[in-house]
Amino acid sequence: AVVSTQSTGNKIKKCFKKHGAVQIDTPVMELKEILTGKYGEDSKLIYELEDQGGEILALRYDLTVPFARYVAMKKVKNIKRYQIARVYRRDNPAMTKGRYREFYQCDVDFAGEYERMLTDTECVKIVCDILTELEMEKFTIKVNHRKVLDGIFEFCGVPADSFRPICSAVDKLDKESWDTVKTEMVETKGLDPAIADKIGTFVRRKGTFDLLDELEQSDLGQNNTAKEGLSDVRLLLEYCELFGCLDHVSFDLSLARGLDYYTGSIFEAVLESDNPHDSVGSVAGGGRYDNLVGMFAPKGRSLPCVGVSIGIERLFSIMEKRMKDVKTSVVKVLVVSGQKGLMKERMKLLNLLWKADISAEMLYKANPKLLSQFQHAENEGIPLCLVIGESELEQGVVKLRNNHEREEKTIARDDLVAETRKLLADLESS
């Protein structure tokens, strides 16, 4: 599992670099006051550290808030950065759903003044590139805009001080039914049932340019806040079309992203499956947060930012389910003997491969059965076996076995390293 997570991380990193991002690391711990009040109802999931005198600290909940603090402190004017690091949440773990208390996030963020919606679209494109590179065949990147949501709330008559709590309720529509979400709005958050019903006519809709056209021509399109948001979404969809990723994009009015710091575009990627139990929720999410840097900067100097976070464990969780037959061993060669008393000969061959920087191992038994050794290679996904016996020793040869094809070839011992490298290279390219 570690190997697959690392290789997945390397593919993600390669994509970030392809888009010109530089790596930046931020501390695991932050002042508690830096983190609180940024995550809405999820603030209860922050791991707070015990007061031992002095500063009150907490473990980072995500990589975005520490990045915003970094940008403010360093007085950065513009940057395109990525970071792959662990974050911590006091959540109820569910490994089958890819939910953990400690897990990696892979973030890319754009900070600075840029043309409207260009960097937002590039975030969507990066997610599309990564999911395609990881061979996720069916996925949708939902997009929405905080101003569209706020415009809907204004239009429907939601009191201004209830926007964020109602937004948090709408954010649960991907997991809960509309009736459950409406009950929360009305009974828990005190919203008028008629207003909730009006909200319901909007937030269950999704589409692309068709939905956009309809909303712009409706009464909602006359609301100034919604109008601004819809204009941004139109640009986003147009640019997604130019970048060749519109087929994976859905303008989804149920997308709310519960975090308090989002100010504009928001996006979330979900993997689609015919099996309802084969779900790990969202695998990426992000959005625009133009005011977050200003919370940490002297004199409140704000800096527009947009970013997206890829959940590597969630991706790996679904990859494990879909590819149970794909093995992930780092070992390339298993050194095998079919007769007794050849452990030292296996050790000599093993050392030869190690000297050539080829990853290899043998079973740590004096006289393992031949079938058990082949079975071990198959179970662990080791592509090659190097087979030695009395007759091979006498002839100065070894047998190289391709475990996938179950084909063997006899090679001179002097050619062992070169032939092994050649066969491994052929397997890598096939």
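To start, this report covers the structure provided alongside it. Quick caveat: nothing in here was measured; it's all calculated off a predicted structure.

## Looking at the overall build of the chain
When its secondary structure is counted, the chain shows 15 helices and 16 strands. In terms of overall dimensions, the chain has C-alpha extents of about 90 × 55 × 40 Å along its principal axes. Contacts spanning at least 24 positions in sequence make up 69% of the contacts within the chain whose residues lie at least 6 apart. Computed over 62 positive and 69 negative side-chain charges, the separation of the two mean positions in the chain equals 4 Å.

## Points about the side chain of Thr225
Within the secondary structure, Thr225 is located in helix 10 (residues 224–242). Side chain to side chain, Thr225 and Glu154 meet in a polar contact 3.0 Å long. When near neighbours in sequence (up to four residues on either side) are disregarded, Thr225 contacts Lys147, Asp150, Gly151 and Glu154.

## A word on a nonpolar patch on the surface
On the surface, Val28, Met29 and Leu49 cluster together to form a nonpolar patch covering roughly 220 Å² of accessible area. Among the structural elements, Val28 can be located in the loop between strand 1 (22–23) and strand 2 (29–31).

## Regarding unusual backbone geometry
For Lys75, which is not a glycine, the phi torsion comes out positive at approximately 55°. By the secondary structure assignment, Lys75 is in the loop between helix 3 (64–73) and strand 4 (79–88). For Lys75, a relative accessible area of 55% corresponds to the exposed category. Even without glycine at this site, Glu135 takes up a positive phi of about 60°. As for its position among the elements, Glu135 is in the loop between helix 4 (118–133) and strand 6 (139–145).

## Digging into the nonpolar core
Among the nonpolar cores identified, the biggest contains 100 residues, and Phe16, Phe153, Met185, Ile199 and Phe251 are the most heavily contacted of them. Core analysis: the next-biggest nonpolar cluster, separate from the first, contains 19 residues, Leu349, Ala356, Ile358 and Leu424 among them.

## Comments concerning the sheet that holds strand 15 (residues 397–402)
Taken together, five strands build an open sheet; the order of strands is 13-12-14-15-16 and the sheet is mixed. Taken across any chain shown, the strands that pair with only one partner, and hence form the sheet edges, are strand 13 (360–361) and strand 16 (407–412). Relative to strand 15, strand 14 (residues 384–388) runs antiparallel, the two being bridged by four bridges. In the sheet register, Val387 faces strand 15, and the bridge partner there is Lys399. Most of the contacts of helix 13 (residues 370–380) go to strand 12 (residues 333–337), to which it runs at about 175°, and overall it touches strand 12, strand 13, strand 14, strand 15 and strand 16.

## Remarks on the packing of aromatic side chains
Going through the model one piece at a time under the given rule, you end up with five aromatic pairs. Each ring, one from Phe155 and one from Phe202, has its centre 5.9 Å from the other, and the planes form 80°; the classification is edge-to-face. Here the residue Phe155 occupies a position in helix 5 (residues 146–156), and Phe202 occupies one in helix 8 (residues 193–203), the gap between them amounting to 47 residues. Put simply, the rings of Tyr261, Tyr262 and Tyr289 pair up and form one aromatic cluster. Above the ring of Tyr61, the side-chain terminus of Arg89 is found at 3.8 Å from the ring centroid. Above the plane of the ring of Phe374 lies Arg401, whose end atom (NZ or CZ) is 4.1 Å from the centre.

## Re the packing of helix 5 against helix 10
With their axes 7 Å apart at the nearest point, helix 5 and helix 10 run at an angle of 150° to one another. When the axes of helix 5 and helix 10 are compared, the pair comes out roughly antiparallel. Of the two elements, helix 5 crosses helix 10, and the hand of that crossing is left-handed. Within the contact between the two elements, helix 5 uses Lys147, Val148, Asp150, Gly151 and Glu154 and helix 10 uses Thr225, Ala226, Glu228, Gly229, Leu230 and Val233.

## Quick look at empty space enclosed by the protein
Taken as a whole and judged by the stated rule, the model has one cavity of 30 Å³ or more. Its volume calculated, the largest cavity comes out at about 30 Å³. For the largest cavity, the full set of lining residues is Lys142, Asp171, Asp174, Ser254, Leu255 and Glu268. Per-class residue counts for the lining of the largest cavity are one nonpolar, one polar and four charged.

## Things to note about the pattern of salt bridges
In total, this model carries 27 salt bridges according to the counting rule given. One salt bridge connects Lys18 with Asp129, and the closest N-O pair in it is separated by 3.6 Å. Pair noted here: Lys18 is in helix 1 (residues 2–18) and Asp129 is in helix 4, with a separation of 111 residues, a long-range link. Residue class for Lys18 comes out exposed when judged on its relative accessible area of 59%. Here Asp129 falls in the buried class, since its relative accessible area comes to 15%. Linking Lys399 and Glu392 is a salt bridge whose minimum nitrogen-to-oxygen distance equals 3.5 Å. Lys399 gets classed as partly exposed once you look at its relative accessible area, which sits at 26%. Salt bridges linked by common partners bring Lys18, Lys125 and Asp129 together as one network.

## Let's talk about the packing of helix 7 (residues 178–188) against helix 8
Put simply, helix 7 and helix 8 touch, their axes get as near as 10 Å, and they point 140° apart. When the axes of helix 7 and helix 8 are compared, the crossing they make is right-handed. Contact with helix 7, carried on its side by Trp178, Lys182, Met185 and Val186, involves Pro193, Ala196, Asp197, Ile199, Gly200 and Val203 of helix 8 and no other residues of that element. When grouped by side-chain class, the residues that make up the contact of helix 7 with helix 8 number seven nonpolar, one polar and two charged.

## Considerations on helix 9 (residues 209–217)
An α-helical segment advances 3.6 residues per turn. Residues three or four places apart therefore align on the same side. For helix 9, the set of buried residues is Leu211, Leu212 and Leu215. Projection of helix 9 onto a plane perpendicular to its axis shows the buried side chains occupying an angular sector of 100°, all on one side. For helix 9, the exposed residues set more than 90 degrees away from the buried face come down to Asp210 and Gln217. The elements touched by buried residues of helix 9 are helix 8, strand 7 (206–207), helix 10 and strand 8 (249–252).

Reading guide: rules and limits
- Residues numbered from 1 in each chain as written.
- Predicted model: local features only at pLDDT ≥ 70, side-chain atom pairs only at ≥ 80, totals over all residues.
- Heavy atoms only, no water.
- Helix = DSSP H or I, 4+ residues; strand = E, 2+ residues; numbered from the N terminus.
- Contact = heavy atoms within 4.5 Å.
- Lys, Arg positive; Asp, Glu negative; His and termini not counted.
- Charge placed at Lys NZ, Arg CZ, Asp CG, Glu CD.
- Polar contact = N/O pair within 3.5 Å; in protein donor to acceptor, adjacent residues only side chain to side chain.
- Patch = residues over 30% accessible without salt bridge, like charges linked within 9 Å, V, L, I, M, F, W, Y side chains within 5 Å.
- Areas by Shrake-Rupley, 256 points an atom, 1.4 Å probe, with all protein chains shown as cover.
- Salt bridge = Lys/Arg side-chain N within 4 Å of Asp/Glu carboxyl O.
- Buried < 20%, exposed > 50% of the residue type's maximum accessible area, 1.4 Å probe, protein only.
- Core = buried A, V, L, I, M, F, W, Y, C linked by side-chain atoms within 4.5 Å.
- Pairing = 2+ DSSP bridges.
- Axes fitted to C-alpha atoms, helices over the stretch in contact; angles between N-to-C directions.
- Phe/Tyr/Trp six-rings, centres within 6.5 Å; stacked < 30°, edge-to-face > 60°.
- Lys NZ or Arg CZ within 6 Å of the ring centre and 35° of its normal.
- Parallel < 35°, antiparallel > 145°, perpendicular 65-115°, else oblique.
- Left-handed = near helix turned anticlockwise from the far one by under 90°.
- 1 Å grid on protein atoms, 1.4 Å probe; cavity = no way out; pocket = protein on both sides within 12 Å on 5 of 7 lines; lining within 4 Å.
- Points joined across faces, edges and corners; volume = space filled by probe spheres on them.
- Nonpolar A, V, L, I, M, F, W, Y, C, P; charged D, E, K, R; others polar.
- Arc of directions from axis to C-beta.

Functional significance is not addressed by these values, which are geometric in nature.
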